Structure formats: structure tokens, C-alpha cells
Amino acid sequence: MTTNFFNPVTTQTWTNGRHQVRCVKVIQETQDVRTFCFMAEQPVLFFFKPGQFVTLELEIDNQPIMRSYTISSSPSIPYSFSITVKQVPGGKVSNWLHANLKVGDELVVHGPVGNFNSIDFPAEKVLFLSGGVGITPLMSMTRWLFDTNAAVDVEFIHSARAPRDVIYHRELVHMFSRIPEFKLHIICESKEDIGEAWAGYRGYLTQPLFELIVPDFMEREIFCCGPTPYMNAIKNILRANNFNMDHYHEESFGATPVEVREDVLELAEQAEVDAENVDASDLHSIEFASSGKSVRIQPGETVHAAAAKLGLHIPKACGMGICGTCRVELKSGEVEMEHNGGITEEDVEEGYILSCCSRPKGDLVVDF
């Protein structure tokens, strides 16, 4: 590899979109967790906000599948990025990645996107809370603060099943041993036999333990990621202490919550009733310019639904405006878009929308 490869004049900066990358390293973090590192064939500066995520575009059993994963590396190492994946029993994508993805393989990623990041919420004192593989976005944030010598007081509490399940354990100990303002606390649910004693915290993160470890938690910007029960328990503790939840941030993408699915079903049933009363003049015309197809839809239907009626498959992973996979360019017209961080302000200014959560205000022309 020559120095021309890293010529800053010709190197492009990563922007939200569809990119082909190559796996350059696979790291076994724990018995069921691996980190996959990626680079582009042509040099790309992979700059993103620590805590953001990408969506992988995969084909498994001849079926297209999209799955979102947090970037675990730091933008301070700009020519590559990494994701860390836990192998979940019955997990179609995680098991496929562990069994098949190897050095040299190429795949497509979409992103980076996400409102959960440490750049948009700067603070002098922060508290990172993670459970299991939820450590990945917080590790990206920690690596960024460490590499940039940030003057930030960091308290990091990580909960794991057992000592052997602590992801990035050695690296965390290394970083937190070198900066007095960085304090690491690891809680293990149990002590399984790994050939060494565990003298750290045991059990679960209860309020008494919370107050013991970080007595000044009320003064901190809090970033939390982990299983849903874990995050709910944290929020219950904070609310019980009248914490200002404007200073609480959590990773939100994942499986569609039950309450959201129920709302969607209820809205769908209501839509069927309303459809009988819709006047033809109220329908919106949606034209897909690249495909040469158009359709008329009812008020309140999404651009993605319009495409589906025409047999056009706009890729999506979450359906809630989180993953950013369904981004398309709006050529003309206006939409009401209620997203959850899956698109940047720059993308919106350039005319892009997320089709899954964009509802036309009138006739539209979409580039798809």
C-alpha cells in the first residue's frame, strides 16, 4: 500500500448513503461476541458521531435482510470502522455473521445515522451506562474522548452476566488506568469459574448501588444502552429521583416495540374504515421518476406504502425512521416526516426523506 492511498486531497468523507466495504479483521471479544472491522476499497474517511450506527444490507438464504448495528470504533481512527456483534440463539443475522463473514468479504452498508451520540450533547460530566453488548456505542464514545484528550469527567458503569462476558475488558482497564477523570465500574451478575477471582461488584444495578458508585449522578449527562428491561430499570431509578430526563439519552433502534406494533394495527383498521369515506379529489399522486410508475394514495399513507402498491421495493430495516435505510430523494412536493434520528439535517436540506415515515402533503415526485 502506497502513501498515495491516504492522499487527503483525493480521500472522500463518509456521508449517509449506500456504501460497499470490505471486512479486513475479525476479533473474538468473548465466547459469543465478535468485532468485524471494515475498510473501503478506495480510501474513505469514516467520520461519524460516536454512538451512531450503520445498517448492513445482507442476503441470507436468498432473502434480502437489513440489520442495524452500532459502530463500536471511534472516528479518531478514520480509515476504518467496526461493529461488534453478539451471537444470539436463534438470531438469524448474528448467527450468519459469526458463521460466514470473514476477512476479505465485501458487503453493503447504509449510514451513518442516529441521534444517540455524544457530539450533539456535550457535557463536562457524563455517565455511561451499559448492559451486555449495549456497551458498543458507549465504547465508541469512550474511545473518542480518550483519543482526543477531552477534558471530560467520565463515570462508566457496565453490567455483564459474568467476568468472562465483559466485552473490551482489557482495553477499558487500560484507558481508565491512564486518565484520573475516567472511572470504570463493572458489575457482574454471577461469578462463573473462569480461573480467576472476581472482587468487583456483584448482582444488579439497584438504586443503592447506583448512589454508591456515582453519588453525583444528578449532575451528569447520561447515556444508556442495553436490553430493554435494563434501560427501563435505569429510567425508573432516575425518575424516582426527579432527574431531568432532558439529560438522559438512550439507544433506541432494535425490534419494533409491542406497543408500536399494536398502534400500527389499530391505525390500519381505522384506515380501512376511513377509506370508504375518502373523496377521490383528496387522493395524492405519488410518482416514482426512475421507475416511471405512479399511484394515488389516501392522505396519511406513507411514501413507502405507495411504492409497495406498485411492487417497488424500497429497502428498510426498522419502519420507524430510525435506521435510515429507506432514504430517497424528493424531487418535488412536500411531506410530513416524523423520524427518529435516521436522517441528518444535511440530508433533509439536500432534499432527502425517509419513505417509511414520510406522509405527502400533496402530489409528490420521488427519485426511485
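Everything quoted here is computed from the prediction, not taken from an experiment.

Participant: So what about the overall build of the protein chain? Which residues, and what values?
Facilitator: Secondary structure summary: the protein chain contains eight helices and 21 strands in total. Burial analysis of the protein chain (368 residues in total) assigns 46% to the buried set. Put simply, 69% of the contacts in the protein chain that link residues at least 6 apart link residues at least 24 apart.

Participant: How would you sum up the pairing of strand 7 (residues 81-86)? Please name residues and give values.
Facilitator: Counting buried positions over the six residues of strand 7 gives five, a clear majority of the element. Bridge count for strand 3 (residues 33-39) against strand 7 is six bridges, and the pairing is antiparallel. Residue pairing for strand 7: cysteine 37 is matched across the bridge by serine 82.

Participant: Describe the nonpolar core, naming the residues involved and giving the relevant values.
Facilitator: Trp14, Phe38, Leu56, Phe81, Ile83, Leu97 and Leu107 are the most contacted members of the largest nonpolar core, which totals 24 residues. Residue assignment for this core shows that the elements contributing at least two residues are strand 2 (17-30), strand 3, strand 5 (53-60), strand 6 (63-70), strand 7, helix 1 (92-100) and strand 8 (106-113). Residue contributions to this core peak at four residues, all from strand 5. Beyond its immediate sequence surroundings of up to four residues, phenylalanine 81 is in contact with Trp14, Val21, Phe36, Cys37, Phe38, Phe46, Phe48, Val54, Ile71, Ser73 and Val109. In this structure, Val33, Met139, Leu145 and Val154 belong to the second largest nonpolar core, which totals 22 residues.

Participant: Outline the side chain of arginine 143, listing residues and values.
Facilitator: Of note, arginine 143 is situated in helix 2 (residues 135-147). Within polar-contact distance, the side chain of arginine 143 engages the backbone oxygen of serine 72 at 2.7 Å. A polar contact of 2.7 Å, which involves the side chain of arginine 143, links it to the side chain of glutamate 171. With residues near it in sequence (within four places) discarded, arginine 143 still touches Ser72, Ser73, Ser74, Ser76, Tyr168, Glu171 and Met175.

Participant: How would you explain the state of the cysteines if you had to name every residue and give the values?
Facilitator: Within this structure, the stated rule accounts for zero disulfides. Summary of cysteine pairing: cysteine 23 is not part of a disulfide, and the nearest cysteine sulfur, belonging to cysteine 37, is at 7.1 Å. Here cysteine 23 falls in the buried class, since its relative accessible area comes to 0%.

Rules and cut-offs
- Residues numbered from 1 in each chain as written.
- Predicted model: local features only at pLDDT ≥ 70, side-chain atom pairs only at ≥ 80, totals over all residues.
- Heavy atoms only, no water.
- Helix = DSSP H or I, 4+ residues; strand = E, 2+ residues; numbered from the N terminus.
- Buried < 20%, exposed > 50% of the residue type's maximum accessible area, 1.4 Å probe, protein only.
- Contact = heavy atoms within 4.5 Å.
- Pairing = 2+ DSSP bridges.
- Core = buried A, V, L, I, M, F, W, Y, C linked by side-chain atoms within 4.5 Å.
- Polar contact = N/O pair within 3.5 Å; in protein donor to acceptor, adjacent residues only side chain to side chain.
- Disulfide = S-S within 2.5 Å.

Honestly, that's just the spatial picture; any functional story needs more than this.
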